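# Observations on the three-dimensional arrangement
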Amino acid sequence: MTGLAGVGALVRLALRRDRVLLPTWIAVLALVAISSAAATGDLYPTAASVVRAVGAVNDTPAMVALYGRVPDVGSLGALAMLKPLATGALAVAVLAIVLVVRHTRAEEEAGRLELVQAGAVGRFAPLTAALVVVVGANAVLGAVTAVGLGAVGLPVAGSVAVALAWFAVALVFAAVAGVTAQLVTGARAATGLAVALLGAAFGVRAVGDTAAPWLSWASPLAWAQQVRPYAGDRWWVGGLAVLTAAVVSTAAYALVAHRDLGGGLLPDRAGPARAGRDLRSTTGLAWRLHRGPLLAWAAGFAAYGLVVGGVAADVGGMLTSDQARQLFAELGGQGELTDTVLAAMLGILGVVASVYGVQATLRASAEENTGRAALLLSAPVGRVRWAAGHLAAACAGVVVVLVSAGLAAGAVHAVRTGDAGQVGRVVLGAVVQAPAGWVLAGIVLAVYGAAPRLAAAGWGAVVVFVLLGELGPLLGLPGWLSDLSPYAHVPRLPGGEFSAWPVAALAAVAAVAAFGGLLALRGRDLG
């Protein structure tokens with residue numbers, strides 16, 4: 001038996017497990033890129049408006065640090081792909097990390113990989129299957145995106161270059177995740193280490209784009225921009241990414257060959273001999289489990305909030321047409337242009353915060369799947385109290401990340417405008433986004449309580465609600481259909497009028513959904 005025996009079977013198994021996850025990610029990423037390209041042509045109908053918008057972007061350090069520079073001042077395609085290219089590169093990198101760890105270290109940690117390898121499955125098959133899934137998924141994403149961008153009128157060569165840029169980033173970080181999965185014994189630690197490296201790559205790119213252009217070449221995220229879609233199309237940069245991925249993947253295979261199943265090359269840190277007082281309740285345990293990811297999310301939100309606060313006052317220079325101003329009004333709300341931009345950006349943060357709420361609530365499902373919940377509930381601990389602890393941590397976490405973003409954005413905006421009162425206005429605009437995230441968390445708990453195998457459908461709910469609530473006005477959907485999304489009922493602040501009724505209604509819907517989930521959980525068997 002060779003080391004690659006059983007790869008085909010593991011690939012089919014992985015595709016079956018990811019039959020919801022992969023199509024959802026592919027559809028969302030492709031739709032965002034295609035809709036951005038279609039909208040940009042309408043927002044900047046003349047060459048002069050494109051040049052002015054590109055100049056405003058490249059002259060705003062916060063925008064350059066966040067998304068990079070537009071390499072061609074006269075390229076509509078390069079302007080249209082500025083944000084989708086940067087955010088898409090981050091998204092495909094995260095997806096690659098999640099897929100590789102999910103099908104290697106997570107399976108090993110759960111004990112399933114040991115059972116699988118007891119059959120005719122080679123030592124290198126799990127890692128190879130995970131890499132094949134990443135390559136295939138990103139190939140499909142690239143093909144769909146390239147066809148869609150060409151269909152809305154962008155040059156075919158540049159559209160293929162966009163696909164290549166995303167594919168290159170995914171390859172590199174799939175290989176990085178392959179290495180981190182060998183270094184540590186836990187799936188969460190492996191994912192956290194790979195994401196930390198992704199964050200370092202983002203920081204290097206941001207510093208390079210704003211201060212030292214040569215430094216950007218040290219970041220794989222910058223390579224996506226260096227492909228320069230619609231601005232020269234540097235195909236050879238893709239070869240650099242393939243070469244790097246090959247080297248890192250070779251290192252991952254070498255590490256697989258030199259460690260025991262279930263072990264890691266880095267030693268585990270021993271914990272305290274006795275549990276602290278904070279672990280004497282289910283709520284304390286839930287907080288302990290969620291603390292690390294929450295702090296990481298809060299730090300990320302605060303960093304993005306700094307950018308939002310810095311960009312808001314200057315964004316008027318980027319909206320060089322009446323169409324562009326109307327778009328932000330539809331996305332964000334009413335009032336002065338700066339308030340409209342802030343409301344739109346805080347609305348986007350509200351959607352991302354709900355992603356945290358879904359992820360945190362699904363931790364209860366993960367605890368059940370690994371058997372840890374059954375062990376805990378064998379003690380005198382009620383399952384309702386246990387699940388409610390995870391839900392409380394998720395809902396509180398949504399508020400924490402939004403407050404961190406609001407404080408950062410409000411502080412920077414207050415400094416730039418010289419008005420300390422802006423801090424409170426921006427924080428309020430961030431906090432009112434929380435009930436929408438609570439609704440998603442409640443729905444996830446309801447599905448998990450009634451049908452735990454379908455709990456991951458919460459991710460689909462996020463996608464559907466975003467399409468209905470955030471993009472509904474842009475797509476011209478009927479009002480009643482858009483109103484099905486909780487995001488459609490969030491007050492648009494600052495700039496709009498605050499009403500407590502929509503916030504209270506969303507909180508009530510979340511409470512009803514969560515209550516139903518807890519009742520269903522109480523009446524079924526675990527596992």
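Bear in mind the structure is a predicted one, so any value in this text is a computation, not a measurement.

Cut-offs applied
- Residues numbered from 1 in each chain as written.
- Predicted model: local features only at pLDDT ≥ 70, side-chain atom pairs only at ≥ 80, totals over all residues.
- Heavy atoms only, no water.
- Helix = DSSP H or I, 4+ residues; strand = E, 2+ residues; numbered from the N terminus.
- Expected span 1.5 Å × (residues − 1).
- Bend = angle between axes of the 7 residues up to and from the residue.
- 1 Å grid on protein atoms, 1.4 Å probe; cavity = no way out; pocket = protein on both sides within 12 Å on 5 of 7 lines; lining within 4 Å.
- Points joined across faces, edges and corners; volume = space filled by probe spheres on them.
- Nonpolar A, V, L, I, M, F, W, Y, C, P; charged D, E, K, R; others polar.
- Axes fitted to C-alpha atoms, helices over the stretch in contact; angles between N-to-C directions.
- Left-handed = near helix turned anticlockwise from the far one by under 90°.
- Contact = heavy atoms within 4.5 Å.
- Buried < 20%, exposed > 50% of the residue type's maximum accessible area, 1.4 Å probe, protein only.
- Domains from an automatic or database assignment.
- Buried area = accessible area lost by both parts, 1.4 Å probe.
- Salt bridge = Lys/Arg side-chain N within 4 Å of Asp/Glu carboxyl O.
- Polar contact = N/O pair within 3.5 Å; in protein donor to acceptor, adjacent residues only side chain to side chain.
- Arc of directions from axis to C-beta.

### Quick notes on helix 14 (residues 282-312)
Given a rise of 1.5 Å per residue, 31 residues ought to cover 45 Å, and the 42 Å separating the end C-alpha atoms of helix 14 matches this to within 8%. When the local axis directions of helix 14 are compared, the greatest deviation, roughly 45°, occurs at Arg291, which is followed within four positions by the proline Pro293.

### Structural notes on the layout of surface pockets
By volume, the second largest pocket is sized at about 340 Å³. If you trace the second largest pocket, you find 19 residues lining it, with Gly68, Arg69, Pro71, Gln225 and Gln226 closest to the centre. When contributions to the lining of the second largest pocket are tallied by element, the ones reaching two or more residues are helix 6 (82-102), helix 11 (187-210) and helix 12 (220-226). If you tally residues by element for the lining of the second largest pocket, the top one is helix 6, at three residues. Of the residues in the lining of the second largest pocket, the class split is 10 nonpolar, five polar and four charged.

### What to know about the packing of helix 6 against helix 10 (residues 156-183)
For the pair helix 6 and helix 10, interaxial distance at closest approach is 8 Å and the crossing angle is 35°. At the point where helix 6 passes helix 10, the crossing takes the right-handed sense. Across from Pro84, Leu85, Gly88, Ala89, Val92, Ala93, Ala96, Ile97, Val100 and Val101 in helix 6, the residues of helix 10 making contact are Val162, Ala165, Trp166, Val169, Ala170, Phe173, Ala174, Ala177 and Gly178. Within the contact of helix 6 with helix 10, the residues separate by chemical class into 17 nonpolar, two polar and no charged.

### As for unusual backbone geometry
Cis rather than trans, the peptide bond between Leu493 and Pro494 has omega equal to -5°. With respect to the element layout, Pro494 can be found in the loop between helix 24 (479-482) and helix 25 (500-522). Of note in the backbone geometry, Arg228 takes a positive phi value of approximately 55° without being a glycine. Locating Arg228 in the fold gives a position in the loop between helix 12 and helix 13 (236-257). Judged by its relative accessible area of 22%, Arg228 falls in the partly exposed class. One non-glycine residue, Tyr230, lies in the positive phi region at around 65°. By the secondary structure assignment, Tyr230 is in the loop between helix 12 and helix 13. By relative accessible area, which is 10% here, Tyr230 ends up buried.

### Side note on the domain arrangement of the chain
Domain annotation of the chain identifies domain 1 (12-33 + 83-265) and domain 2 (280-527). Between the C-alpha centres of domain 1 and domain 2 the distance comes to 26 Å. Every contact between the two is made by four residues of domain 1 and, on the other side, five residues of domain 2. Between domain 1 and domain 2, the buried area comes to about 530 Å², and carbon and sulfur atoms account for 62% of it. Summed over the three residues of domain 1 that lose the most area to domain 2, namely Thr24, Leu31 and Arg188, the buried surface amounts to 60% of that side. At the boundary of domain 1 with domain 2, the tally comes to zero salt bridges. Split by residue class, the side of domain 1 that touches domain 2 holds two nonpolar, one polar and one charged.

### Some remarks on the side chain of Ser404
Mapping Ser404 onto the fold places it in helix 19 (residues 383-417). Judged by its relative accessible area of 16%, Ser404 falls in the buried class. A polar atom in the side chain of Ser404 sits 2.6 Å from the backbone oxygen of Val401. Among residues more than four places away in sequence, those in contact with Ser404 are Ala298, Phe301 and Ala302.

### What about empty space enclosed by the protein?
The full count for this structure, using the stated rule, is five cavities of 30 Å³ or more. Considering the residues around the largest cavity, the lining is formed by 14 residues, among which Glu108, Leu113, Arg123, Val256 and Arg259 are closest to the centre. Sorting the residues of the lining of the largest cavity by element identifies helix 7 (105-110), helix 9 (125-151) and helix 10 as the ones contributing at least two each. Considering only residue class, the lining of the largest cavity consists of six nonpolar, three polar and five charged. When its volume is computed, the second largest cavity comes out at roughly 130 Å³. In this structure, the second largest cavity is lined by Leu10, Leu13, Ala14, Arg17, His103, Glu107, Leu113, Val116, Pro126, Ala129 and Ala130. Elements with a minimum of two residues in the lining of the second largest cavity: helix 1 (7-17), helix 8 (112-116) and helix 9.

### Comments concerning helix 1
Every buried residue belonging to helix 1 is among Val7, Leu10, Val11 and Ala14, and all of these are buried. Down the axis, helix 1 shows its buried residues gathered within 105° of arc, on one side only. Counted as exposed and oriented over 90 degrees from the buried face of helix 1: Arg12 and Arg16. Contacts made by the buried residues of helix 1 are with helix 8 and helix 9.

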